[in-house]
Number of protein chains: 2
Amino acid sequence: MTDPSKPTESLALALVQHAMTEDPDANRQASLDGIAEAAARGAELVLLPELHAGEYFCKTQDPDRFALAEPIDGPTRRALSAAAAEHGVVVVGSIFEARAPGLAHNTALVLDTDGRLAGIYRKMHIPDDPGYNEKFYFTPGDLGFEPIDTSVGRLGVLVCWDQWYPEAARLMALAGAELLLYPTAIGHDPNDPADEQARQLDAWRTVQRGHAVANGLPVAACNRVGREPDRSGSGFDAEFWGHSFIAGPQGEILAEAGTEAEVLIARIDRRRTATVRRIWPFLRDRRIDAYGDLVKRFRR
Amino acid sequence: MTDPSKPTESLALALVQHAMTEDPDANRQASLDGIAEAAARGAELVLLPELHAGEYFCKTQDPDRFALAEPIDGPTRRALSAAAAEHGVVVVGSIFEARAPGLAHNTALVLDTDGRLAGIYRKMHIPDDPGYNEKFYFTPGDLGFEPIDTSVGRLGVLVCWDQWYPEAARLMALAGAELLLYPTAIGHDPNDPADEQARQLDAWRTVQRGHAVANGLPVAACNRVGREPDRSGSGFDAEFWGHSFIAGPQGEILAEAGTEAEVLIARIDRRRTATVRRIWPFLRDRRIDAYGDLVKRFRR
């Protein structure tokens, strides 16, 4: 277990990239097996994919799917707490949060090394696109962009669609986040040609590496993998592209997965952020006097 | 010449990447030759490097260097206006602007196809680092982040250090900019090892490609090239890394230069921004209710 009063000079971060099935017990076991493997390989912090308890259910609008939601203090939290405490690692998980009847969120949970819930983050930016009907299921988060303190550091936990928003990354950095972590569930439209699929994958990686550069901190995204069959009449199977990655504070790729299940580990040099920010001190020169219009929908 | 009432479906954009010497006439001629070549090859819009009239003079703090500044309506403006009108192209240039005694800016000039000054942009973010003593020379811009309308479209012109700031790119996009253009002067520290040099170059490219992705619009950066000898006791020569590039609205590289002088041209598909923004409508989902702290220096 890490002593918070003596942060190590490096941090071993693991991403558990795996596939999901219709069986929640099997999914939970895959996550727990991944945490165990990560810990055995020396990880101190473990990041899981978005909504790892089940298949991605937002392909269509189906009121019955709200039965999949669980409270913060539900079976996923308990399983992750037990795993975090057993292995002495910090775990970042993700649930479909039942907050009240008719009110649900897409919520990340952070469990500290003693199993305690260190904090939660409710996904702020909610997509709504063909095959990704998230605005039907998830009320946008109401907790803002606040990092979560743990015994391995101050974590800037965001979720999936947030990854496209420089504002979210910046607000986490300005609040002292030491790294950005994105549980995610993103895939190809199987009808798209290969060149479009390639552009989308690289755009996803590039914008997040850009957050690392702009803020001088490491960034990691953990995606799911696999083809999830059409069960609700959406008309197509979902193909999740994997490619979970860990980037350093210059956006450099430290480790990257393929399209299969994998426990990906990289060791982050904690001193590197300070060094990089001395070379390129972007925070010094922000024109906060001229950024007011960022809270406008559009400027025309 | 382009008829502004009938925007073409594509736009041919040229970057004139070249080296600078101590001789301002030779530098100006290199820029003008590049504009002529670009126009002959079909370009409608031509972007020059930052401060293309001379060697990069900010390596040290030298009051005598203010003699290099010129008013907006100075020799560079006149030369670029003549070239724009002669070739019927829009030109984006860059000057050391003498505004008043003891008050200077780093200013981009945009000349329309009739030679008229369509607008100016004064560099908002000013660096100040070893070899780049820009805060000594340039007062931060006071015109904000406002795109400039031209007969080839609404241009989001920014300058060099601005390229690291997602806020600048976003504000231009929110004001309707159709593409982002960065004149720049950036190079390696010759004392850095090759792996650090490679990370810096890729960080520079990545953060700007990230702006393209986050905002769904094309981005281009035009850098200078060459080694400029130490003339003022900075202790090292400057090595500008070139690698000017044009990226599409998914951050995909459309064209990229090497480390030699080159006129780089790519044809931008104007319809692509609308298509891309329909696939990934990031502007739709911004949490403007939660971005207020972006105008803070730090949140702790």
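Just so we're clear, the structure is a prediction, and the values are computed from it rather than from any experiment. (Residues numbered from 1 in each chain as written. Chains lettered and ligands numbered in written order. Predicted model: local features only at pLDDT ≥ 70, side-chain atom pairs only at ≥ 80, totals over all residues. Heavy atoms only, no water.)

Applying the stated rule across the entire model yields 40 aromatic pairs over all chains. Seen from their ring centres, Trp280(A) and Trp164(B) are 4.4 Å apart, and the 35° between their planes marks the pair as tilted. One end of the pair, Trp280(A), is in the segment after helix 6 (271–279); the other, Trp164(B), is in the loop between strand 7 (153–157) and helix 4 (166–174), on a second chain. Trp164(B) shares its class with Trp280(A); the two are buried. Centre to centre, the rings of Phe136(B) and Tyr137(B) are 4.8 Å apart; their planes meet at 90°, and the pair counts as edge-to-face. (Phe/Tyr/Trp six-rings, centres within 6.5 Å; stacked < 30°, edge-to-face > 60°. Helix = DSSP H or I, 4+ residues; strand = E, 2+ residues; numbered from the N terminus. Buried < 20%, exposed > 50% of the residue type's maximum accessible area, 1.4 Å probe, protein only.)

All names here are of chain B. Judged by pairing direction, the sheet is mixed, and its six strands sit side by side in the order 5-4-3-2-1-15 without closing on themselves. Here the strands that pair on one side only, and so sit at the sheet edges, are strand 5 (117–122) and strand 15 (262–269). Geometrically, the sheet is characterised by an average inter-axis angle of 30° between neighbouring strands, direction not taken into account. Relative to strand 4 (residues 103–111), helix 2 (residues 75–87) is tilted by about 5°, and along the sheet it contacts strand 3 (90–100), strand 4 and strand 5. (Pairing = 2+ DSSP bridges. Axes fitted to C-alpha atoms, helices over the stretch in contact; angles between N-to-C directions. Contact = heavy atoms within 4.5 Å.)

Residue and element names in this part refer to chain B. Counting buried positions along strand 3 yields eight of eleven residues, so the element is predominantly enclosed. Bridge count between strand 2 (residues 45–47) and strand 3: three bridges; the pairing is parallel. Pairing of Leu45 across the sheet is with Val90, part of strand 3. For strand 3 and strand 4, the ladder comprises nine bridges, and the chain directions are antiparallel. Opposite Ala100, over in strand 4, you have Leu103 as the bridge partner. Adjacent in sequence and paired antiparallel, strand 3 and strand 4 are bridged by two residues, among which Gly102 carries a positive phi angle near 80°.

It is worth spelling out the pattern of salt bridges at this point. Scanning all chains against the criterion turns up 70 salt bridges over all chains. For Arg284(A), the salt bridge is made with Asp129(B), and the minimal N-O distance between the two is 3.7 Å. Taken as a pair, Arg284(A) in the segment after helix 6 and Asp129(B) in the loop between strand 5 and helix 3 (134–137) lie in two separate chains rather than in one. Among the salt bridges present, the one from Glu239(B) reaches Arg227(B), with a minimum N-O distance of 2.3 Å. Of this pair, Glu239(B) sits in strand 12 (residues 238–241) while Arg227(B) sits in strand 11 (residues 225–228), and the two are twelve residues apart along the sequence. A residue is classified by how much of its surface remains accessible, and Glu239(B), at 22% relative accessible area, is partly exposed. Among the residues examined, Arg227(B) registers a relative accessible area of 51% and is labelled exposed. Within this structure, Glu97(A), Arg99(A), Arg122(A) and Asp142(A) form a network of salt bridges that share partners. (Salt bridge = Lys/Arg side-chain N within 4 Å of Asp/Glu carboxyl O.)

Turning next to the sheet that holds strand 5 (residues 117–122) of chain A. Whenever strands of a sheet pair, they do so through backbone hydrogen bonds, lying parallel or antiparallel. Residues and elements named next belong to chain A. The six strands lie next to each other as 5-4-3-2-1-15, forming an open sheet whose pairing is mixed. The sheet terminates laterally at strand 5 and strand 15 (262–269), the two strands that pair on one side only. If you compare each strand with its neighbour and ignore which way they point, the axes differ by 30° on average. Contacting strand 1 (10–17), strand 2 (45–47), strand 3 (90–100) and strand 15, helix 1 (residues 24–40) crosses the sheet at an angle of about 155° to strand 1.

Looking now at the nonpolar core. Within the largest apolar cluster, 116 residues are counted, with the highest numbers of intra-cluster contacts made by Leu45(A), Tyr121(A), Trp164(A), Leu181(A), Leu45(B), Trp164(B) and Leu181(B). Sequence-distant contacts of Leu181(A), that is, excluding residues within four places in its chain, are made with Leu13(A), Leu45(A), Leu47(A), Val92(A), Leu155(A), Gly156(A), Val157(A), Leu158(A) and Ala220(A). Counting 18 residues, the second largest nonpolar core, distinct from the first, contains Leu80(A), Ile95(A), Leu111(A) and Val263(A). (Core = buried A, V, L, I, M, F, W, Y, C linked by side-chain atoms within 4.5 Å.)

Residue and element names in this part refer to chain A. As for its placement among the helices and strands, Val157 is situated in strand 7 (residues 153–157). Distance in space between the C-alpha atoms of Val157 and Lys135 is 20 Å, their sequence separation being 22 residues. Excluding residues that lie within four positions of it along the chain, Val157 makes contacts with Val92, Ala108, Val110, Tyr121, Met172 and Leu181.

Attention now moves to the relation of the copies chain B and chain A. Take chain B, turn it by 180°, move it 0.0 Å along the axis, and it overlays chain A with an RMSD of 0.0 Å. The superposition of one copy onto the other is thereby described by a two-fold rotation axis. When C-alpha distances to the rotation axis are compared across chain B, the minimum falls at Gly210(B), with a value of 2.6 Å. An overlap of 100% is found between the interface residues of chain B and their copies at the interface of chain A, pointing to a shared contact surface. (Least-squares fit on C-alpha atoms with pLDDT ≥ 70 in both.)

Once that is clear, we can look at the side chain of Thr150(B). Residues and elements named next belong to chain B. Structurally, Thr150 is set in strand 6 (residues 148–150). In this structure the side chain of Thr150 is engaged in a polar contact, spanning 3.1 Å, whose partner is the backbone nitrogen of Val152. A polar contact of 2.8 Å, which involves the side chain of Thr150, links it to the backbone oxygen of Gly153. (Polar contact = N/O pair within 3.5 Å; in protein donor to acceptor, adjacent residues only side chain to side chain.)

A few words now on the interface of chain B and chain A. Taken together, the contact pairs 60 residues of chain B with 60 residues of chain A. Here chain B packs against chain A, burying approximately 5900 Å² in sum over the two surfaces, 56% of which is carbon and sulfur. On the chain B side of the interface with chain A, the three residues burying the most area are Leu294(B), Arg297(B) and Arg299(B), jointly 12% of the side's total. At the boundary of chain B and chain A, one finds 14 salt bridges. The tally of links between chain B and chain A comes to 44 residue pairs in polar contact (both at pLDDT 80 or more). Secondary structure elements with two or more residues in the side of chain B that touches chain A: helix 4, helix 5 (194–215) and helix 6 (271–279) of chain B. Among the elements that make up the side of chain B that touches chain A, the one with the highest residue count is helix 5 of chain B (eleven residues). Its residues assigned to classes, the side of chain B that touches chain A comprises 30 nonpolar, eight polar and 22 charged. (Buried area = accessible area lost by both parts, 1.4 Å probe. Nonpolar A, V, L, I, M, F, W, Y, C, P; charged D, E, K, R; others polar.)

Residue and element names in this part refer to chain B. Interhelical geometry of helix 4 versus helix 5 gives an angle of 35° and a closest axis separation of 10 Å. Helix 5 is crossed by helix 4, and the crossing has right-handed handedness. Here Pro166, Ala169, Arg170 and Ala173 of helix 4 lie close against helix 5, whose contacting residues are His211, Ala214 and Asn215. (Left-handed = near helix turned anticlockwise from the far one by under 90°.)

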